[in-house]
Amino acid sequence: MISRVNWGQLGQLFAVVLLVQAIYWLAIDRPLFRADPGEAPPFAPITAVETARLTAPSFAEAADARYQPAELPWTHCCDTALFAVRMTFTVDNVPANGLGIISYLEADNYLLALNGAPIVARGRMEPGNGSFHGQIRTLTRMPSGLLKPGANTLTYITLRDGFPYTDVLAPKIADYAALEQYSARGLFLASGYNLLTGGLLGLLGLIATIMVFRSDDWRFAAWLSLLCAAFVANAGYFLWLDPPVDGWGRMVAFFAISQLIPAAMLCFIDSWTGRPIRWLQPVTMAVYLGALGLIAWYIYRVPMPEGYDVPTMIWIWHLGASAVAVAARLIWHFATSAEDRLLESALLTVMAAALAMDAASAWFPEQHVQAGNVRYSSVFLLLAMTAAFLARNFRLFQSQGALNAMLQAKVAQREAELAEAAVREQALVRAQAHDEERRRIMRDLHDGLGSQLMTMMLSARLGEADPPRVAEGLQSVIDEMRMMVDSMDSVGESLEAALATFRARIQPRVEAAGFTFRWSQPDALEAPDLGPRDVLQVFRIMQEAVTNALKHSGGSTITVDVASLGGGTVAVTIADDGQGGAGDGRAGRGLANMRARARAVGADYAFHASPGEGTRVTLTLREPALSAHPI
């Protein structure tokens, strides 16, 4: 289902985008990257250009080589090549501080001699094992001692081993101080700016990597980290002039890095929206890997120049498609989702515009569109996004006290709700326990008291009732009914309170029946924390044991011993000194009831009855009984 388009929010986005684009491209990018720093100094004209193929990077061989006339710019394709390029420039007067020269070459490395004297010799010039110092544009001083009024000769020796094209353009030659001032910004962008970019984005990427493991939205942090890594790799490409790969490997690295930036940017923006499209990120990376695999196959398997030209077209199309996808993803997000991050969104569209301009510069080289826009703008845009994020969330730091107060109020409210819920739960448990006990009492009344009353009624009807036996039976019925009522009073109490209630209620009845009653219990009882149901079960087990002793033991003493065994474990023993009669069938359902109740509370139940030794019931209660019936 497609969401309704929010035209008002979309209009706000376009307004902010236009404002930010105007500020960046007219007020920031132009002065920093493309503004004319002033009037250019007079450049020495280049004449008499000649080229010759060499077998070794040697000025001695270059001096004896057979040259062919050429014009600048001069291009050669497509094999590994060593060339000597000789050209002439003329000066009327030699400045005291010499002249400056900026060479414009597309070569892996080069040597330069002025009037036969070498003035540039950096890196290696070995085919198959060369370095890439020629990729860095530098300002070189030509000492006044090597110059002469009139015609002067420059001799370049170039190495190209990887990229198929060797390109030589006219160098700029002028007064050293004037040329240094005029070219300062351009030279900074070609070298120092890459170092600055790598450092700042490396730091931001490190922070993003830490966020991957500490943030709830780890995918957003992961894509930000990958995007920063791509920018750092791009900066490193122009700084690492002696990598452990040949020219072919460096070509693959160039396309891998250059295409990773737009791919990671699209995934980053998709995650930034907070509502990522499920298929977009995996499809984006699949397209990136597929394109890179195709490019690598062309570079290593297809002859040049096609092996380079087709990957270049793939790269250009990928840049253009990524620019459209980034812009479309932002527009779709603002059209279908509530969003207040207008500034951040506008800054992201600048990155999309930079992608489009880089694609246009490669697609239409004759238009001389400035290249490297994504690389130049990356630091400013990502730092601006960070500033926008901090500005948007700074109120959180300012209102920390208010937030703490609000959280404390919510915690107090939640505690009150939990306390109220606990009271309701306890009442519910107590009611359930009462209901269960009522049903049990009804069964006992039917099976026990009902049976006794029915037997006495039948005896009376048959004229066989013996008054003393009837009185004894009625007293037994009354005693058992009182015990049932007493057991109901213990529901909801702790074990200690239940023991005290049991002693207070049972001792008068035991003594009234002619038995001696003994109770043993330590002053400090380390008892398990039992719930209401478990307390009731313990009360009923003790009640059953005393009732059996009164009815069937034939003894004179009933002893209750409560012992603390440590670790929240308590043993309750009820014993008599009778003839062991409580162990025979006359005890009825009492023994089975006690065993069932002990199992219900997770307690150990032991019964011992031997003729002439009396009867002993032991109940061992442990802390795990808590889990049986939680409150």
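All residue numbers here refer to positions counted from 1 along the written sequence of the relevant chain. Local features in this predicted model are restricted to residues whose pLDDT is 70 or higher, and side-chain atom pairs enter the listing and the counts only when it is 80 or higher, whereas totals over whole chains, interfaces and linings include all residues. The side-chain numbers reported here are obtained from all heavy atoms of the structure, hydrogens and water having been left aside.

Peer 1: Go over the pattern of salt bridges, please, and point to the residues and values.
Peer 2: Any carboxyl oxygen of Asp or Glu that lies within 4 Å of a side-chain nitrogen of Lys or Arg is treated as forming a salt bridge with it. Taken as a whole and assessed by the stated rule, the structure comprises 8 salt bridges. Note that Arg-622 and Asp-604 form a salt bridge whose closest N and O atoms lie 2.4 Å from each other. Placement of the pair is Arg-622 in the segment after β17 (614-621) and Asp-604 in strand β16 (residues 604-610), with a sequence separation of 18 residues. A simple rule labels every residue: compare its accessible area, found with a 1.4 Å probe on the protein chains alone, to the largest value its type can have, and call it buried under 20%, exposed over 50%, or partly exposed in between. For Asp-604, a relative accessible area of 38% puts it in the partly exposed group. Secondary structure follows DSSP: runs of H or I at least 4 residues long count as helices, runs of E at least 2 residues long count as strands, and numbering of each begins at the N terminus.

Peer 1: Mind laying out the sheet that holds strand β8 (residues 117-121), listing which residues take part and the relevant values?
Peer 2: We call two strands paired when DSSP finds no fewer than two bridges between them. On the basis of which strands lie adjacent, the open sheet formed by 6 strands has the order β2-β1-β4-β10-β7-β8 and antiparallel pairing. Edge strands, defined here as strands with exactly one partner in the open sheet, are β2 (68-69) and β8. Here strand β1 (residues 46-53) pairs with strand β4 (residues 81-91) via 6 bridges, running antiparallel. Note on β4: the bridge partner recorded for Ile-46 is Phe-89.

Peer 1: Go over the packing of aromatic side chains, please, and point to the residues and values.
Peer 2: Two rings belonging to Phe, Tyr or Trp (six-membered ring only in the last case) form a pair when the distance between their centres is within 6.5 Å. Interplanar angles under 30 degrees mark stacking, angles over 60 mark edge-to-face geometry, and anything in between is tilted. As enumerated under the stated definition, the model contains 16 aromatic pairs in all. Centre to centre, the rings of Tyr-237 and Phe-254 are 5.7 Å apart; their planes meet at 50 degrees, and the pair counts as tilted. Remark: Phe-254 occurs in helix α5 (residues 247-272) and Tyr-237 occurs in helix α4 (residues 218-239); sequence separation between them is 17 residues. For Tyr-237, a relative accessible area of 10% translates into the label buried. With a relative accessible area of 16%, Phe-254 lands in the buried category. When the centroid spacing of 5.5 Å and the interplanar angle of 90 degrees are considered together, the rings of Phe-502 and Phe-539 count as edge-to-face. Linking Phe-502 in helix α12 (residues 495-512) with Phe-539 in helix α13 (residues 532-552), this pair joins segments that are 37 residues apart in sequence. Each member of the pair, Phe-502 together with Phe-539, is buried.

Peer 1: Explain the state of the cysteines residue by residue, including any values.
Peer 2: Each disulfide consists of one covalent bond between the sulfur atoms belonging to two cysteines. Only a pair of cysteine sulfur atoms within 2.5 Å qualifies as a disulfide here. The final tally for this structure, using the stated rule, is 1 disulfide. There is a disulfide in this structure between Cys-77 and Cys-78, and the S-S distance comes to 1.5 Å. Measuring handedness by torsion sign, the sulfur bridge of Cys-77 and Cys-78 sits at about 90 degrees and is right-handed. Of the residues examined, Cys-77 reaches a relative accessible area of 29% and is grouped as partly exposed. Relative accessible area serves as the criterion here: at 23%, Cys-78 is assigned to the partly exposed category.

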